[in-house]
Amino acid sequence: MFFGVLAGFVWTIAKVALPLMARQGIHRGIELDEPNALRNWTIGIVVVALISGLCTGMRRYLAFGVAYRVETDLRLKMFAHLQRLHFAFHDQSQTGQLMSRAATDLQQIQGFIVMIPITFSNLLTIVLVAIVVMVINLKLALLALAPLPFLNYMANRFSKRIHPVAMELQQELAGVSTSVEETVTGIRVVKGFGAERVQSARMKETAARVFDRAVYAGRVRAGFMPLLDFIPALGILAVVWYGGHEVLNGRLSVADIAGFLLYVNMLVFPLRLTGQLVSQGQRAVAAAQRIEEILVTEPAIVNKANAVSLPPGNGDVVFDNVSFGYSREAERAVLENLSLTIHAGEAVALVGPTGCGKTTVARLLPRFYEVDGGSITVDGVDIRDVKLNELRTAIGIVFEDTFLFGDTVAANIAFADPEATQERIEAAAALAGAHEFISELPNGYSTEIGERGFSLSGGQRQRIALARAILADPRVLILDDATSSVDPTKEHEIRDALKTVMKGRTTIVIAHRPATIALADRVVLLDEGRIIAEGTHVELLRTSSRYREVLAQAEGAAA
Amino acid sequence: MWSSHGVDEEDRLKKGETGNLLRRALRMLRPYRGQVVLCVTVLLLWTLATVAGPFAIRYGVDQGLANHNGAALNRAAVGFAISAVAVLILSRAQILLVNRIGESFLRDMRERVFDHLMHMSLGFYDSQQTGKLVARMTSDIDSLQELVQQGLIAFVTSGLLLIVTITALMFISPVLALLCLASLPLVLIASVQFQRSSNRAYLVVRERIGQTLSTFQESLSGVRVIQAFGREAANETRFAHHNQEQLDAYAYAVKISALYFPVVELAGNFALAIVVGIGGSFVHSNAITLGTIIAFVLYLQNLFDPVQQLSQLFNMLQSAGAALNKLFGVLDTQSPVQERQAAVDLPDHGNLEAVDLTFGYSEAGPKVLSHVNLVVKPGERLALVGPTGAGKSTLAKLLSRMYDPLDGSVRYGGVDLRDASFASMRERFTVVPQEGYLFQGTILDNVRLARPSATDDEVAAAMARIGVLEHFIGMEDGLHTEVRERGSRFSAGERQLVSLARAALADSEILVLDEATSSLDPGTEVEVEVALTKLMEGKTVIVIAHRLSTAERADMVAVVDAGGIVEMGTHADLVRRTGAYAALFGSWSGQAAS
Ligand SMILES: Nc1ncnc2c1ncn2[C@@H]1O[C@H](COP(=O)(O)OP(=O)(O)O)[C@@H](O)[C@H]1O
Ligand SMILES: Nc1ncnc2c1ncn2[C@@H]1O[C@H](COP(=O)(O)OP(=O)(O)O)[C@@H](O)[C@H]1O
Ligand SMILES: [Mg+2]
């Protein structure tokens, strides 16, 4: 940054010196015809031109270099921080918003930093030029420079006015993008219901809104841009007219006039840019504040100061009087005084109506959220005392909504351990009932999946997520509705494999298909955040009417 | 700043294409003929006014100062003032006009391309990537928009300024002008070189930015998985790598511009040295006047800056050209399914028949259906069953003319669907896809998709008819609940309910349904089941059944396998026959019992 500013200073001085030298050359060399003056001044101009050229390159390179580095560093910092923020933070933030922090806001800051060295140069230019012209002729200088502050003012106004309009236009354009995307993605629906004309009419409206905003932006531009050219012309007029009369009166040389004209021109860009700088600076500060807001959010779930290692064990899990709510304001907690012991190697099914808290129980165990009351222990240690990373590697979870990365199938399965051998990957896939269809993919395990790759069905995605959890070989495995999207005619294949996976491993299964529930040693019926019945599937069918009710809905639909 | 545009080698316009492109673009501007003429006139006047300014100054110096003539000086000042005001007014008019014309063009383009996309049949969408189609309507049109909003005027003014300046210099003193321009070839070569390298550098930058942002976004969406597997650190390393690559790409692009800009500046300053040094000696030998030197010094500023501007704008222009070319490419694509010239309306009722139907997704490729014959009588419900990939969905799509058969035909009431008008097709047929899909807007908007003219009451009545009204009325904003805001909160079952409500509102004679394969949450699954039953009452229905219960309730069951119908009859008949259907039935009921 320092060298950037320094190069900028040298460049500025050279730039301001050139017209002076031209003036001297013209005055002494041509008008007065002093011996050797013309040659010397010309050589002088060439030398200074070389210095100026060298510095302008350096200034550019250094300024942009620094600005981009700052942007890059900040982005990495933000990324690392976001990665470690707790679930509750991510529940409340929208990806789109965070992305605009990472893209637009960082650019805003970068754009401002780029301006810093050039601003120093510009300020120096303004001061030097003002001094030079005042020395040449004070009255003319005042006349010529008088209109220029307006230039600065107008540039500032323009920048302030155009920015919100440009943002609105951007917003409307984003609307076009959303519209097109959803229509093309949902083209089967559009065709199926004959809704082509409806969609076209909607696009017409959207396009009209874009037109409206864009024309308005044009009007703002038309209001300012010509004015920005006009203001310096007033300065030039002053030089030509008043200066001309001064020449006629013998108080000024023709070369002075030329010099003045060059100097007035030289001020145009610095004044415009410094004018924009104010509003650009304001935007950059706002952007920086938004980023700061993220960076000061402390991760709520971190290692304790004296966190311990998870002791060896087979996954003995105890929920002791656990209470939990997603927000303190909610009138009712999601889980209330829940106690549940799962012995090492046992498989427990959590059953209950939608929204009763099954998923919440599953999320508390890997400490994605902190309990409000009571405690959870794994192999005898409170999970709050265990090193977070160890806890989470010991507990494998297949989430309700499957998320896969835009990468190969193999990389997705080997997510927990990228070094895993092909055999291990295939073995995990086989256990998840995924090996067969993966082998039939265009590139087998090397097939790229995700947005830009091959698109898989919901059931196939779930099976890959299952394989991912299996490969991690966790002490405790949590399956949250992990086979819900699997084609019913295929589910039994997975069920057999699951038995193998669950053998001797503590497992929590959340399910509503009776056949899947039957995999568990014990069923826990959850209702409104409380355990209302426990027992085997058969026992509960016999003893609990609520259990029969919950299952009846699922069964009624499947039969 | 420099332009951030890049054009892929393959997208670059070929030689002959540019003229063609311009002609087509001009044709699209025909409705705005008057404005275009006005715009060109304003442009010419603006050019005159711009040139007049420096001429006035030169007149003032030569006639006023050199001849000690105060009146001439005053005239020059007045002339300059007039030209400045004229430029002010004219450039304002010019910006407004170019903007309005350009934006009208873009609005028409958006509408036309989208309309065209809406007219394309499914066959077209099979061969296209969603992302590419979206890019046509977004980044391609946006790059034209940028040209209209910023580039076009700058391009025209820079170009004119360059021409005018060179002309003026040549007019004042050809010899000195040629000397000044001596470094122009060097600048031009550097500019072309810069334009090429920066184009390439920017393609890389754009790609790397995309890479970084998509990694960022993916890591946000998948943050829960990353934390669950404790992969934060590893993932950070991966991101840091992309992040660094982006920085490297930027650094390279900056380096290119840091090498180029000094060349332009240097050329300008050398020219200044030439004017002073060599021009000065000309003055000594009385070849030129002092005023000429002054005018040259002033003009020099307008000589090299435009070259630099143009070389940057050239990238913008090029990518706009490539974009326009791709957009016209979309407009030139014909839909595989077309409405005949003399298309007739379908009758109100009639049998839906497949006659010797043969189809493959590509003419050369494998046949997905061969010689399928089938009759569905009015009010009859036909269930299609069979293994995945048998051709059930394909058959359903042909029966509703999403595709045209390769051979054979589909008829309704004796009329070949290929002879039917699109309007009557839309009226008779409704196709309900497997998964409920919601568009942004309210639930009302979403249901109304099927019949835009329906009033709110009609929508509610249709929803009530299939028993789903209550479900949505109970939400916070009732039927006015925004789908987007609650986006993911809508369960698959609820989306399905909206989809069925659409079909109820459309109320067409024939329903083609693809049943969902995945299980829904138990609560809504029952509702979907009830809604489906009510929806099918009194309709001719073709349903792709994945559930035993659906097949059981149909009037006829057709078992599709390997591109043909292998069995057809009532459920009871087929179970008795112990064929393919009986086997399928066995596996189904076994599963429901377990
Ligand atoms: N991330 C969250 N933020 C706020 N509330 C939530 C969140 N996730 C779930 N809930 C609420 O907690 C309750 C229990 O939900 P959940 O555990 O997902 O139930 P289940 O898995 O049994 O369907 C529901 O009322 C649900 O709306
Ligand atoms: N849009 C398409 N393009 C090319 N092939 C397709 C397309 N849709 C389906 N197919 C192929 O046609 C065959 C029949 O598919 P489909 O009609 O979807 O079967 P089903 O509905 O019985 O599962 C399959 O081999 C499938 O891969
Ligand atoms: Mg759940």
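In case you missed it, the structure is sitting above this.
Note that this is a predicted model, so its numbers are computed, not measured.

**Q** Quick question: what am I supposed to make of the overall build of chain B here?
**A** A count of helices and strands for chain B gives 21 helices and ten strands. Computed over its C-alpha atoms, the radius of gyration of chain B comes to 35 Å, more than 25% above the 25 Å expected for a compact globule of 594 residues. Across its three principal directions, the C-alpha atoms of chain B cover 120 × 60 × 55 Å. In chain B, buried positions account for 54% of the 594 residues. Contacts in chain B between residues far apart in sequence, at least 24 positions, make up 78% of those at least 6 positions apart. Averaging the positions of the 51 positive and the 60 negative side-chain charges in chain B gives two centres separated by 7 Å.

**Q** Where do I start with the coordination of the magnesium ion (ligand 3) in this structure?
**A** Under ideal tetrahedral coordination, the four donors around a metal are separated by 109.5 degrees; under ideal octahedral coordination, the six donors are separated by 90 or 180 degrees. All names here are of chain A. Only T359 (OG1) and E400 (OE) from the protein coordinate the magnesium ion (ligand 3), and they sit 2.1 to 2.2 Å from it. Placement of T359 in helix α10 (residues 358-364) and of E400 in the loop between β6 (395-398) and α12 (409-413) is noted, with a sequence separation of 41 residues between them. Among the residues examined, T359 registers a relative accessible area of 15% and is labelled buried. For E400, a relative accessible area of 38% gives the class partly exposed.

**Q** So what exactly am I meant to see when it comes to the sheet that holds β6 of chain A here?
**A** Backbone-to-backbone hydrogen bonds pair the strands of a sheet. The strands run either parallel or antiparallel. Residue and element names in this part refer to chain A. The six strands lie next to each other as β6-β7-β8-β3-β9-β10, forming an open sheet whose pairing is mixed. The sheet is open, and its two edges are formed by β6 and β10 (530-535), each paired on a single side. The average angle at which neighbouring strand axes cross in this sheet is 20°, direction not considered. Here four bridges tie strand β3 (residues 347-351) to strand β9 (residues 522-527), and the two strands are oriented parallel to one another. Paired with V348 across the bridge in β9 is R522. Packing against the sheet, helix α15 (residues 458-471) makes contact with β6 and β7 (476-480), and its axis sits at approximately 180° to β6.

**Q** Would you mind showing me how to read helix α1 (residues 2-31) of chain A here?
**A** In an α-helix there are 3.6 residues to a turn, and that puts residues three or four apart on one side. All names here are of chain A. Relative to the 44 Å expected for 30 residues at 1.5 Å per residue, α1 spans 42 Å between its end C-alpha atoms, a close match to the ideal helical length. Taking the largest bend as the criterion, α1 deviates by roughly 25°, centred on L18, and proline P19 comes between one and four positions later. Where α1 ends, the next residue or the one after it, D33, has phi of about 55°, a positive value.

**Q** Would you mind showing me how to read the side chain of E346 of chain A here?
**A** Residue and element names in this part refer to chain A. Mapped onto the elements of the fold, E346 is located in the loop between β2 (335-342) and β3. In this structure the side chain of E346 is engaged in a polar contact, spanning 2.7 Å, whose partner is the side chain of R522. Among residues more than four places away in sequence, those in contact with E346 are T341, R505, T506, T507, D521 and R522.

**Q** Help me understand the interface of chain B and chain A in this model?
**A** By a frequent convention, interface size equals the accessible area lost on bringing the separate parts together. On the chain A side, the residues contacting the 136 residues of chain B number 139 residues. For the pairing of chain B and chain A, the buried interface totals around 12600 Å² over both sides, and the portion due to carbon and sulfur atoms is 69%. By the criterion of area lost to chain A, the three top residues of chain B are M118, R224 and F229 of chain B, representing 6% of everything that side buries. Scanning the region where chain B abuts chain A turns up four salt bridges. At the surface where chain B touches chain A, the tally comes to 27 residue pairs in polar contact (both at pLDDT 80 or more).

**Q** Quick question: what am I supposed to make of a negative patch on the surface here?
**A** Residues and elements named next belong to chain A. A contiguous patch of negative charge, built from E436, E440, E493 and D496, is present on the exposed surface. For E493, the position within the fold is in helix α16 (residues 488-502). With relative accessibility at 37%, the residue E493 sits in the partly exposed group.

**Q** Quick question: what am I supposed to make of a nonpolar patch on the surface here?
**A** Residue and element names in this part refer to chain A. A contiguous nonpolar surface patch, about 660 Å² in accessible area, is contributed by F2, F3, L6, V10, I43, V47 and I51. At the level of elements, α1 and α2 (37-84) are the ones that each hand at least two residues to the nonpolar patch. Counting residues per element, the nonpolar patch draws most heavily on α1, which supplies four residues. Mapped onto the secondary structure, V47 falls in helix α2.

Conventions and cut-offs
- Residues numbered from 1 in each chain as written.
- Chains lettered and ligands numbered in written order.
- Predicted model: local features only at pLDDT ≥ 70, side-chain atom pairs only at ≥ 80, totals over all residues.
- Heavy atoms only, no water.
- Helix = DSSP H or I, 4+ residues; strand = E, 2+ residues; numbered from the N terminus.
- Rg over C-alpha atoms; globule rule 2.2 N^0.38 Å.
- Buried < 20%, exposed > 50% of the residue type's maximum accessible area, 1.4 Å probe, protein only.
- Contact = heavy atoms within 4.5 Å.
- Lys, Arg positive; Asp, Glu negative; His and termini not counted.
- Charge placed at Lys NZ, Arg CZ, Asp CG, Glu CD.
- Donors = N, O, S within 2.8 Å, 3.2 Å for Na, K, Ca; no water.
- Pairing = 2+ DSSP bridges.
- Axes fitted to C-alpha atoms, helices over the stretch in contact; angles between N-to-C directions.
- Expected span 1.5 Å × (residues − 1).
- Bend = angle between axes of the 7 residues up to and from the residue.
- Polar contact = N/O pair within 3.5 Å; in protein donor to acceptor, adjacent residues only side chain to side chain.
- Buried area = accessible area lost by both parts, 1.4 Å probe.
- Salt bridge = Lys/Arg side-chain N within 4 Å of Asp/Glu carboxyl O.
- Patch = residues over 30% accessible without salt bridge, like charges linked within 9 Å, V, L, I, M, F, W, Y side chains within 5 Å.
- Areas by Shrake-Rupley, 256 points an atom, 1.4 Å probe, with all protein chains shown as cover.

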